Amino acid sequence: MAQNSRTSETESTPTAGRNSELTRRNYVRSIAAVATAATAIGGAGTAAAQDDYEVIEAQGQTITIDAGQTWENKLIDMTTGQDIVVTAHSSDWTIRNIGFKGENTSGTGSATFGISDTSGGTCTVENVYLGDGSSSGNGNPNGHGQTAFWVAPDHNGHIDFKNVNIQNFADNAIYGSAPGNKGGGTIHIDSSFAANCYVSHFRLGTEGSKVTNSSVYVDSSEGYVGRGIWAWAPGTVEVEGCQIEMNGQNNAIVAGANGNPTEVTVTDSDYDDQAGISEEAGSSVQLGDGVGTDPEAVIPEGVPTSPEEAASGSQN
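A brief look at the structure comes next. (Residues numbered from 1 in each chain as written. Predicted model: local features only at pLDDT ≥ 70, side-chain atom pairs only at ≥ 80, totals over all residues. Heavy atoms only, no water.)

Digging into the pairing of strand β8 (residues 122–130)
This is how it is decided: Whether two strands pair depends on DSSP finding at least two bridges between them. The numbering of helices and of strands both runs from the N terminus, where a helix is a DSSP run of H or I of at least 4 residues and a strand a run of E of at least 2.
Looking at chain direction, strand β6 (residues 94–101) and β8 are connected through five bridges and run parallel. Looking at the pairing, Ile98 lines up with Val128 of β8. Where β8 meets strand β10 (residues 158–167), eight bridges bridge the pair, whose relative direction is parallel. If you follow Val128 over to β10, its bridge partner there is Val164.

This is how it looks when you write it as structure tokens:
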């Protein structure tokens, strides 16, 4: 089964969620605890009723979200070892309270979510758990592993991401740079968490796009060494109130790609100075007020830390 394809860009290289005082050591323990703890809209699949959410077993189906539609309170069972694709290429849709249980190991596709607003509207992705990740061997003939969210080039509206938890994906966590050279749509990632992904964690490319109040964490022992925040052209991309803890892996902030420059503005954030900042192709990273080099990545308040918590919306 073909998943959400990505053809517009190439590149040369590749706890308690409500506790804002969570330390790195406690964060690692909390993730270990989560890991061991115990029909779709218009699509085919097996669904079982739960108290406050629906369970959908991944069986190679595609779920399509139409304009103005809200898709919410679903637990996606990935322990079947098969795939599922969610697509929303319309306008003013909402994806809310969605938890994925189990690692994506199918290797049949390149993105779990393929999304865009194609009519200049505003869409929302909130309270989503993708913390169980994908297999490190998960890949396609195109050379890509699994991406959590792929924003299509035709995106010309606005997408708000809030309270999203993405970990251990073999490709980008949120791959949102493609509209920069086509649709020009904007993306705002707020109060979200990404960890141990490859290529990059938060990737944006259009003026007006930003990452706020969010954290990136990379544990070198996991083997995933993706960039923290990667800004593509034309930008400018804003970073505010973020903690980017890379433990010396790759770069904390990268500006520019494929020979094209961009600009990043950073305020009230901490980044790992051992990983550092990369300004490529004449790009510029402007460090403003409140920028330090002692990051401590935390899971922001309201971010789900388990599939069940996300699906039920219990942390809201």
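Observations concerning the packing of aromatic side chains
Note the cut-off: For Phe, Tyr and Trp, where Trp contributes only its six-membered ring, two rings pair if their centres lie within 6.5 Å, and the inter-plane angle classes them as stacked under 30 degrees, edge-to-face over 60, or tilted in between. The cut-offs for exposure are 20% and 50% of the maximum accessible area for each residue type, with area from a 1.4 Å probe on protein chains only; residues under the lower value are buried, those over the upper are exposed, and the others partly exposed. Counting as a charge over the ring demands two things of the Lys NZ or Arg CZ atom: a distance within 6 Å of the ring centre and an angle within 35 degrees of the ring normal.
Applying the stated criterion to the full structure yields five aromatic pairs. Pairing Phe149 with Phe161 gives two aromatic rings, centres 5.2 Å apart and planes at 85°, and the pair type is edge-to-face. With Phe149 in strand β9 (residues 147–151) and Phe161 in strand β10, this pair connects stretches of sequence that are 12 residues apart. The exposure classification of Phe149 matches that of Phe161, with both residues buried. Following the ring pairs from residue to residue traces out a cluster consisting of Phe100, Phe113, Phe149 and Phe161. In this structure, Arg203 is placed above the aromatic ring of Tyr175, and the distance from its NZ or CZ to the ring centre is 3.8 Å.

Details of the pattern of salt bridges
Applicable threshold: One side-chain nitrogen of Lys or Arg within 4 Å of one carboxyl oxygen of Asp or Glu is enough to make a salt bridge.
If you walk through the whole model with that rule in mind, you get five salt bridges. Between Arg96 and Glu126 there is a salt bridge, and its shortest N-O distance comes to 2.7 Å. Separated by 30 residues along the polypeptide, Arg96 in strand β6 and Glu126 in strand β8 bring together distant segments of the chain. Of the charged contacts in the structure, one is a salt bridge between Asp154 and Lys182, with a shortest N-O distance of 3.0 Å. Of this pair, Asp154 sits in the loop between β9 and β10 while Lys182 sits in the loop between β11 (174–176) and β12 (186–190); the two residues are 28 residues apart in sequence, bridging distant segments of the chain. The class for Lys182 is exposed, based on a relative accessible area of 59%. Taken together, the shared-partner salt bridges in this structure form one network comprising Glu72, Arg96 and Glu126.

Structural notes on the side chain of Thr186
The condition is simple: Contact between two residues is taken to exist if any of their heavy atoms lie within 4.5 Å; hydrogens are not considered.
Among the secondary structure elements, Thr186 is positioned in strand β12. Setting aside residues up to four positions removed in sequence, Thr186 forms contacts with His155, Gly157, His158, Ile159, Thr206, Glu207, Gly208 and Ser209.

With respect to the nonpolar core
Keep this limit in mind: Within this scheme, the nonpolar core is defined by two criteria: the residues are buried Ala, Val, Leu, Ile, Met, Phe, Trp, Tyr or Cys, and they are joined through side-chain atoms within 4.5 Å.
Counting 54 residues, the largest nonpolar core has Trp71, Ile95, Ile115, Val125, Phe149, Phe161 and Ile166 as its most contacted members. Setting aside anything within four residues of it in sequence, one finds Phe161 in contact with Ile115, Val125, Phe149, Ile174, Ile187, His188, Ile189, Asp190 and Ser192.

Regarding the environment of Phe169
Mapping Phe169 onto the fold places it in the loop between β10 and β11. Phe169 sits 31 residues away from Ser200 along the chain, and the two C-alpha atoms are 9.7 Å apart. Not counting residues up to four positions away in its chain, the partners in contact with Phe169 are Thr112, Leu130, Gly133, Ser134, Gln146, Thr147, Ala148, Asn196, Cys197, Tyr198 and Tyr224.

What about empty space enclosed by the protein?
As a reminder, the rule being used: Put plainly, a pocket is an open set of points on a 1 Å grid over the protein atoms alone with protein on both sides within 12 Å along at least five of seven lines, a cavity is a set where a 1.4 Å probe fits but cannot get out, and a lining residue has an atom within 4 Å of a point. Grid points are joined across faces, edges and corners, and a volume is the space filled by probe spheres set on the points. When residue character is reported, Ala, Val, Leu, Ile, Met, Phe, Trp, Tyr, Cys and Pro are called nonpolar, Asp, Glu, Lys and Arg charged, and the others, Gly included, polar.
Of the pockets and cavities examined, the largest cavity occupies roughly 60 Å³. Broken down by class, the residue content of the lining of the largest cavity amounts to four nonpolar, four polar and one charged.

Things to note about the pairing of β6
Judged by how many residues are buried, β6 sits mostly within the fold: six of eight residues are covered. Pairing geometry for strand β4 (residues 70–77) and β6, over seven bridges, is parallel. Note that in β6 the partner of Thr70 across the bridge is Thr94.

With respect to unusual backbone geometry
Residues Ala233 and Pro234 are joined by a peptide bond in cis, for which omega reads 5°. Tracing the sequence through the fold places Pro234 in strand β16 (residues 227–240). Of note, the bond from Gly235 into Thr236 is cis; its omega dihedral lies within 30 degrees of zero at 5°. If you trace the backbone, Thr236 turns up in strand β16. Positive phi outside glycine occurs at Ser191, with the angle close to 50°. For Ser191, the position within the fold is in the loop between β12 and β13 (193–195). Take Ser191: its relative accessible area is 13%, and that puts it in the buried class. With a phi close to 50°, Asn250 is a non-glycine residue in the positive phi region. Position of Asn250 relative to the elements: it lies in the loop between β17 (243–245) and β18 (253–255). A relative accessible area of 26% places Asn250 in the partly exposed class.

Geometric values such as these leave the question of function open.
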